[in-house]
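As a plain string of letters, each chain reads:
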Amino acid sequence: MTNQNTQKRITLLQFDEEIRKISVKTLNRYLVNFSILSLITKQAHWNLQGFNFISIHEMLDEFYESLQKYVDIFAERLVQLNCTAISTPEYLVQNTNFEEYPSHISNSIDHLRELHIRYASVANSLRQDIEQENADAATIDYYTQALEELDKFVWFIEAHLN
Ligand SMILES: [Fe+2]
């Protein structure tokens, strides 16, 4: 994933250049990941049917709100790090590692299975980047907060699937 759009904004914030570059690289990845997770969460929220409809429908809206919160946090952190935050549809499609979300499913458990795989994969990636300190301290702090949320979502989903 590349994002060469350094803004060269005038700022008094001082970052070690190597750490800034690593932060930008991982932030770009999570801006894409969380943007897509929020989109597919609404896709499931709208279309699911069947077992526990209303509770899953409402649970997914809470997940969506939280995912959107981190989309905003990661985007604004990129700008603070003198980069352009990119979450255009074209950029998302070009830079995602997710498989295409199936549009033909409707069963609530099928939707939860699809979300489960993708939420867990981003949670485990965040965990790895936190452990390897692949960002500056403040960005790592955001990753930790986002990971707490995703781990909880994975747990909630697994409680439906197990
Ligand atoms: Fe809704």
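See the structure above.
In this report, the structure presented in the accompanying data block is examined. Model, not experiment: these values are computed from the prediction.

**A closer look at the overall build of the protein**
Next up, step 1: When helices and strands are counted, the protein shows 5 helices and 0 strands.
Next up, step 2: When its helices and strands are written in sequence order, the protein yields α-α-α-α-α.
Next up, step 3: Taken over the C-alpha trace, the protein has a radius of gyration of 17 Å; the compact-globule value for 162 residues is 15 Å, and the two agree within 12%.
Next up, step 4: Principal axes of the C-alpha set define a box for the protein whose edges measure 55 × 30 × 20 Å.
Next up, step 5: Counting over 162 residues, the protein shows a buried share of 30%.
Next up, step 6: In the protein, the proportion of contacts linking residues at least 24 apart, taken out of those at least 6 apart, comes to 78%.

**Side note on helix α4 (residues 108-131)**
Next up, step 1: Over its 24 residues, α4 extends 34 Å from the first C-alpha to the last, a length consistent with the 34 Å expected when each residue adds 1.5 Å.
Next up, step 2: Inspection of α4 places Ser-108, His-111, Leu-112, Leu-115, Tyr-119, Val-122, Leu-126 and Asp-129 among the buried residues, and these make up the whole buried set.
Next up, step 3: Looking at the buried positions of α4, the neighbouring elements they touch are α1 (17-47), α2 (53-80) and α5 (137-161).
Next up, step 4: Directly beyond the C-terminal end of α4, a positive phi value near 50° is found at Glu-133.

**Thoughts on the packing of α1 against α2**
Packed helices, taken two at a time, are described by the angle between their axes plus the distance between the axes.
Next up, step 1: Here α1 crosses α2 at 155°, and the two axes come no closer than 8 Å. Accordingly, the angle class assigned to the pair α1 and α2 is roughly antiparallel. For the pair α1 and α2, the sense of crossing is left-handed.
Next up, step 2: Its residues assigned to classes, the contact of α1 with α2 shows 16 nonpolar, 6 polar and 3 charged.

**A few points about the environment of Asn-82**
Next up, step 1: Relative to the assigned elements, Asn-82 resides in the loop between α2 and α3 (89-95).
Next up, step 2: In the structure, Asn-82 is positioned 73 residues away from Arg-9 in sequence and 5.9 Å away in space, judged by C-alpha atoms.

**A word on the nonpolar core**
Next up, step 1: Among the nonpolar cores identified, the biggest contains 34 residues, and Leu-31, Phe-34, Leu-37, Val-71, Phe-74, Leu-78 and Tyr-119 are the most heavily contacted of them.
Next up, step 2: Ranked by the residues each element gives to this core, the list is headed by α1, at 10 residues.
Next up, step 3: When near neighbours in sequence (up to four residues on either side) are disregarded, Leu-78 contacts Val-24, Leu-27, Leu-31, Cys-83 and Ala-85.

**Considerations on the environment of Lys-8**
Next up, step 1: Structurally, Lys-8 is set in the segment before α1.
Next up, step 2: The exposure class of Lys-8 is exposed, given the 8 C-beta atoms found within 10 Å.
Next up, step 3: The spatial distance from the C-alpha of Lys-8 to the C-alpha of Tyr-64 is 32 Å, given a sequence separation of 56 residues.

**Notes on the packing of α4 against α5**
Next up, step 1: Remark: α4 packs on α5, axes separated minimally by 9 Å, with the N-to-C direction vectors making an angle of 150°. The angle between the axes of α4 and α5 places the two elements in the roughly antiparallel class. Of the two elements, α4 crosses α5, and the hand of that crossing is left-handed.
Next up, step 2: Considering only residue class, the contact of α4 with α5 consists of 18 nonpolar, 3 polar and 4 charged.

The rules we used
Residue indices begin from 1 for each chain and proceed along its sequence in written order. Restriction of local features to residues with pLDDT of at least 70 applies here, the model being predicted, together with a cutoff of 80 or more for giving and counting side-chain atom pairs; totals for whole chains, interfaces and linings are based on all residues. The helix count covers DSSP runs of H or I at least four residues long, the strand count covers runs of E at least two residues long, and both are numbered beginning at the N terminus. Put simply, the radius of gyration uses C-alpha atoms, and a globule should come to 2.2 Å times the residue count raised to 0.38. Residue burial here comes from a neighbour count, namely the number of other C-beta atoms, placed from the backbone, that lie within 10 Å of the residue's own C-beta, with 20 or more meaning buried, 12 or fewer meaning exposed, and in between meaning partly exposed. Two residues form a contact once the distance between their C-beta atoms, set from the backbone, is within 7 Å. Here a helix's expected span is defined as the number of its residues, less one, multiplied by 1.5 Å. Note on definitions: angles span 0 to 180 degrees between N-to-C directions of axes, and those axes are lines fitted to C-alpha atoms, for helices only across the stretch in contact. Each angle is binned into one of four classes, with values under 35 degrees roughly parallel, values over 145 roughly antiparallel, values of 65 to 115 roughly perpendicular, and all other values oblique. Rotating anticlockwise by less than a right angle from the far helix to the near helix defines a left-handed crossing, while the corresponding clockwise rotation defines a right-handed one. Charged residues are taken to be Asp, Glu, Lys and Arg, nonpolar residues to be Ala, Val, Leu, Ile, Met, Phe, Trp, Tyr, Cys and Pro, and polar residues to be all remaining types, Gly included. Take the buried Ala, Val, Leu, Ile, Met, Phe, Trp, Tyr and Cys residues, join any whose C-beta atoms are within 7 Å, and the set you get is a nonpolar core.

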